[in-house]
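Reading the structure
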Amino acid sequence: QVQLVESGGGLVQPGGSLTLSCAVSGRTASRNTMGWFRQIPGMEEREFVGAIGPFAVSTHYADSVKNRFTISRDNAKNTVYLRMNSLKPEDTAVYYCGTNGMRWPAQNAGTYDYWGQGTQVTVSS
């Protein structure tokens, strides 16, 4: 059984930084595409944030977070991270990690078969 557990969310001031973690079990994260999405309460769709492909060959980020957010993996811990710098109030959302096997490109949330429970990120002064 595949399980993803996010952690690391919280309240941060504009311009601050936060690192989210996604611990994976039941699937080898390094061999799969791992994506991060976010969802604002009341919105139906999850917005693509970024993804890292199998064996870290490729990464892709939404324009809104490019050069501010970075995805990385710790293969020994089977964990994926989302480092968020220069946070803005519009980054406030529930952040989800997901995996879609080895599909690439990875911007379509509908291709993901497993998701974590989400972690709240609030950017506010």
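Details of the structure are given in the entry above.
One structure accompanies this document, and this report is about it. Counting from 1, residues in each chain are numbered in the order their sequence is written. Thresholds applied to this predicted model are a pLDDT of at least 70 for local features of residues and 80 or more for the giving and counting of side-chain atom pairs; totals over whole chains, interfaces and linings are not thresholded and use all residues. Note that the side-chain values use all heavy atoms of the structure and ignore hydrogens as well as water.

A few words now on the pattern of salt bridges. Pairing of side chains with opposite charge becomes possible as their charged atoms draw close. Within this document, salt bridges are pairs made up of a side-chain nitrogen of Lys or Arg and a carboxyl oxygen of Asp or Glu, the two lying within 4 Å of each other. Within this structure, the stated rule accounts for five salt bridges. For Arg-27, the salt bridge is made with Asp-113, and the minimal N-O distance between the two is 3.4 Å. Of this pair, Arg-27 sits in the loop between strand E3 (18-25) and strand E4 (34-39) while Asp-113 sits in the loop between strand E9 (93-99) and strand E10 (114-115), placing them 86 residues apart in sequence. Note on classification: 1.4 Å probe, protein chains only; a residue is buried when its accessible area is under 20% of the maximum for its type, exposed when over 50%, partly exposed between these limits. Relative accessible area serves as the criterion here: at 40%, Asp-113 is assigned to the partly exposed category. A salt bridge links Arg-68 to Asp-91, with the shortest nitrogen-to-oxygen separation between them at 2.8 Å. Remark: Asp-91 occurs in the loop between strand E8 (79-84) and E9 and Arg-68 occurs in the loop between strand E6 (59-61) and strand E7 (69-74); sequence separation between them is 23 residues. Each of Arg-38, Glu-47, Arg-68 and Asp-91 takes part in salt bridges that share partners, so that together they form one network. Note on conventions: DSSP H or I runs of at least 4 residues are helices, E runs of at least 2 residues are strands, and numbering of each starts at the N terminus.

Right, let's talk about a nonpolar patch on the surface for a bit. Nonpolar side chains collect at one region of the surface, where Phe-55, Val-57 and Met-102 lie side by side and expose about 380 Å² of accessible area between them. As for its placement among the helices and strands, Phe-55 is situated in the loop between strand E5 (47-52) and E6. Like charges are joined within 9 Å and nonpolar side chains (Val, Leu, Ile, Met, Phe, Trp, Tyr) within 5 Å, but only among residues with over 30% relative accessible area and no salt bridge; these make up the patches. Residue exposure ignores everything except the shown protein chains as possible cover, and the areas themselves are Shrake-Rupley values with a 1.4 Å probe.

The next subject is the nonpolar core. The term nonpolar core refers to a set of buried residues drawn from Ala, Val, Leu, Ile, Met, Phe, Trp, Tyr and Cys, joined through side-chain atoms within 4.5 Å. If you look at the biggest cluster of nonpolar residues, it comprises 31 residues, and the most contacted ones within it are Cys-22, Met-34, Trp-36, Phe-69, Leu-82, Met-84 and Tyr-95. Listed by contribution, the elements that provide at least two residues to this core are E3, E4, E5, E7, E8, E9 and strand E11 (119-123). Contact definition: two residues touch when any of their heavy atoms are within 4.5 Å. Setting aside chain neighbours within four positions, we find Tyr-95 in contact with Glu-6, Leu-20, Phe-37, Arg-38, Val-49, Phe-69, Leu-82, Met-84, Gly-118, Thr-119 and Val-121.

Taken together, the four strands give an open sheet; going across it, the order is E1-E3-E8-E7, and neighbouring strands pair in antiparallel fashion. The sheet is open, and its two borders are formed by strand E1 (3-7) and E7, each paired with just one other strand. Between one strand axis and the next, the sheet turns by 20° as a mean value, whatever way the strands run. If DSSP finds at least two bridges between two strands, the strands pair. Examined bridge by bridge, E7 and E8 share six bridges and lie antiparallel to one another. For Ile-71, the partnering residue across the bridge sits in E8 and is Leu-82. Helix axes use the C-alpha atoms of the stretch in contact, all axes being lines fitted to C-alpha atoms, and the angles between their N-to-C directions lie in the range 0 to 180 degrees.

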